[in-house]
Structures are given as structure tokens and as C-alpha cells.
Amino acid sequence: MAIPLLQLALDNTSLAEALESTRVLASELDVIEAGTVLCVTAGNQAVKALRALYPDKIIVADIKVADAGALLAKVMIGECGADWMTVICSAPVPTFETALKEAKKYPRGDIQAELFGNWTFEEAAEWKKVGIKQAIYHRGRDAQAAGQTWGQVDIDKIAKLAEMGFEVSVTGGLEVEDLKLFKGIPVKAFIAGRNLRDAADPAAAARAFKDEIRKWWS
Ligand code: 5RP
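Okay, so let's go over this structure. Every chain begins its residue count from 1, and numbering advances along the sequence as written. Where totals are concerned, whole chains, interfaces and linings use all residues; where local detail is concerned, this predicted model gives features only for residues with pLDDT of at least 70, and gives and counts side-chain atom pairs only at 80 or more. Calculation of side-chain values draws on the structure's entire complement of heavy atoms; hydrogens and water are dropped beforehand.

### Section: the site of the ligand
Near residues are defined by distance, with any heavy atom within 4 Å of the molecule or strand qualifying the residue. Taken together, 13 residues form the shell around the ligand, and within it Asp11, His138, Gly173, Gly193 and Arg194 come nearest. In the analysis that follows, any N or O atom pair within 3.5 Å is treated as a polar contact, provided that within protein one partner can donate a hydrogen and the other can accept it, and provided that, for residues neighboring in sequence, both atoms belong to side chains. At a separation of 3.1 Å, an oxygen atom of the ligand approaches a polar side-chain atom of Asp62. A distance of 2.8 Å separates an oxygen atom of the ligand from a polar backbone atom of Gly173. In isolation the ligand offers 370 Å² of accessible surface; the protein chains occlude 93% of this area. In this classification, Asp, Glu, Lys and Arg are treated as charged, Ala, Val, Leu, Ile, Met, Phe, Trp, Tyr, Cys and Pro as nonpolar, and every other residue, Gly included, as polar. In the shell around the ligand, the residues fall into three nonpolar, five polar and five charged. Throughout, the Shrake-Rupley method with a 1.4 Å probe supplies accessible areas, and for residues the shown protein chains are the sole cover considered.

### Some thoughts on the side chain of Asp62
Strands here mean DSSP runs of E at least two residues long; helices mean DSSP runs of H or I at least four residues long; both are numbered from the N terminus. Relative to the elements of secondary structure, Asp62 occurs in strand S3 (residues 58-65). The buried label applies to any residue whose accessible area, calculated with a 1.4 Å probe on protein chains only, is under 20% of its type's maximum; exposed applies above 50%, and partly exposed to all values in between. On the accessibility criterion, Asp62 (4% relative accessible area) is buried. Reaching out from Asp62, the side chain makes a polar contact with the side chain of Thr86 at a distance of 2.8 Å. Once residues lying within four places of it in the same chain are set aside, the contact partners of Asp62 are Glu33, Ala34, Gly35, Thr36, Thr86 and Glu114. By the convention used here, residues are in contact when the closest approach between their heavy atoms is within 4.5 Å.

### Things to note about helix H5 (residues 93-103)
Burial in H5 covers these residues: Thr95, Phe96, Ala99, Leu100, Glu102 and Ala103. The buried side chains of H5 occupy one side of the element, clustering within an arc of 160 degrees when seen end-on. Packed against the buried residues of H5 are S3, helix H4 (69-79), strand S4 (84-88), strand S5 (110-115) and helix H6 (121-129). Think of it as the arc spanned by the lines of direction from the helix axis to the C-beta atoms.

### Focus on the sheet that holds S4
The pairing criterion for strands is at least two bridges between them, as found by DSSP. On the basis of which strands lie adjacent, the closed barrel formed by eight strands has the order S1-S2-S3-S4-S5-S6-S7-S8 and parallel pairing. Averaged over all neighbouring strand pairs, the angle between strand axes comes to 25 degrees, with direction disregarded. Summarising the sheet, strand S2 (residues 31-34) and S3 pair through four bridges and their orientation is parallel. The residue bridging Ala34 from the neighbouring strand is Ala61, located in S3. Axes here refer to lines fitted to C-alpha atoms; in helices the fit is confined to the stretch in contact. Angles between the N-to-C directions go from 0 to 180 degrees.

### Observations concerning unusual backbone geometry
At Lys64, a position not held by glycine, the phi torsion is positive, near 50 degrees. Checked against the element boundaries, Lys64 lands in strand S3. At Ala68, a position not held by glycine, the phi torsion is positive, near 55 degrees. Within the secondary structure, Ala68 is located in the loop between S3 and H4.

### Considerations on helix H10 (residues 202-217)
By this rule, a helix spans an expected 1.5 Å times one less than how many residues it contains. End to end, H10 covers 22 Å across 16 residues, agreeing with the expected 22 Å (1.5 Å per residue, within 8%). Within H10, burial applies to Pro202, Ala203, Ala205, Ala206, Phe209, Glu212, Ile213 and Trp217. Residues of H10 that are buried make contact with strand S1 (5-10), helix H1 (15-25), strand S8 (187-192) and helix H9 (194-197).

In C-alpha cells:
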């Protein structure tokens, strides 16, 4: 089983702060995500700046697209330089399909299905049919704040998505201690934001994530 990647989610409201977090953490990371909050506040400059500064890293535009899949993939991947872009699970199947077709015009382009709230395995099978390979299993920030914890239901769903052939990333207020809950599942990437960016020593926090990943996945 491959060792899961470590992905930083930049949900800063200031591009300068996001770039400072990234500067401190970059050497520990496999994937850098311009988070939804950053994309809203800094616009296209966020992905463009990350691409320019980190040409060898995988860059994600987490804009949770609901419509205009092809056009937004052209902008985010073709023009701004992202590798992967997220499409929200409530989007119609043609949005996944057209976004993926556009993304695949670029060497590392790909689309990730962002799973929030209500979605079904029947819908996931439809995404699969149109070629979507990646999914992000997400405990939302607001759900977390309302008291939703990781549990067996999440683990079973993630395992089932992996069995369907999805490369599944996991995110949502992840702490180092949470990672072992997912052992035995071929997780593509663990995505952490606040618990890396806001740590007293962000690089040490990232190393703790990576040590824990290696402990359970090697
Ligand atoms: C919110 C997101 C976040 O980027 C993701 O949840 C990771 O951030 P955190 O670890 O701070 O929860 O996609 O919609």
C-alpha cells in the first residue's frame, strides 16, 4: 500500500499569510492546496503564486465547482497552473465530465470529487463512469464545530470508496491522533490546514503528521 501524501490546506484570508505558512512548511509537503477561503479572498493570484513558487509540488485549486466545469478547469488548471481542481458532490455529472475532459488536456491535470454532506454511492458510481478517479472525504469545518467526530461510519464509507477504485483523500480538522483511525485503507492524501498552519512550530507539526503516516502505512 502506498504511503499517503501530506497536503497543506491554505484557508487563510490573506495571500501573504498563506505564502508565509507555505514557506515554512513546503519542504515537508507533497501537495499544496489553495483552499476555498483563500481562493475566495485572493482570487486567481493564489494558485498562480503557488505555481510560480513551487513548480515541482502538486498544487490544488479547492474551489468546489458546482457548474461551468470545463471553463473553470481551463482557468484554474490551464491558465493559473493548478494540477488538481475540486468539484462538489452536488454538481451534476456533466460538470464532472466536462471538467475532467478539460483537466486532462494538461500533463498533470485531474479533478477531485469533494464529498460533503449528502451524497450516495450510486452517485459515486456515476462519477466513476465518466472517469473521475479521485475523491476527497470531508468532515466540514462547520460540522466539526457542531460536534461531529470521526467514527466508524466515516471509515466504512472511505473504505468502500477505495474498494470502488477511488483514490481517496481525507480531510476536516485532522489531528495527528486521528490518522490511525484510517489504517488499512489506501488513503491518497491526508489534508490538514489549521493544525499545520496554526501550530506553534508548523514544520514540527508536519513532521509529526508524516511520522504518524509512516508508522501506520509502511
Ligand atoms: C474546508 C476545506 C479545508 O481546506 C480542509 O477541511 C482542511 O482544513 P482544516 O484541516 O483546517 O479543517 O476544504 O472546506
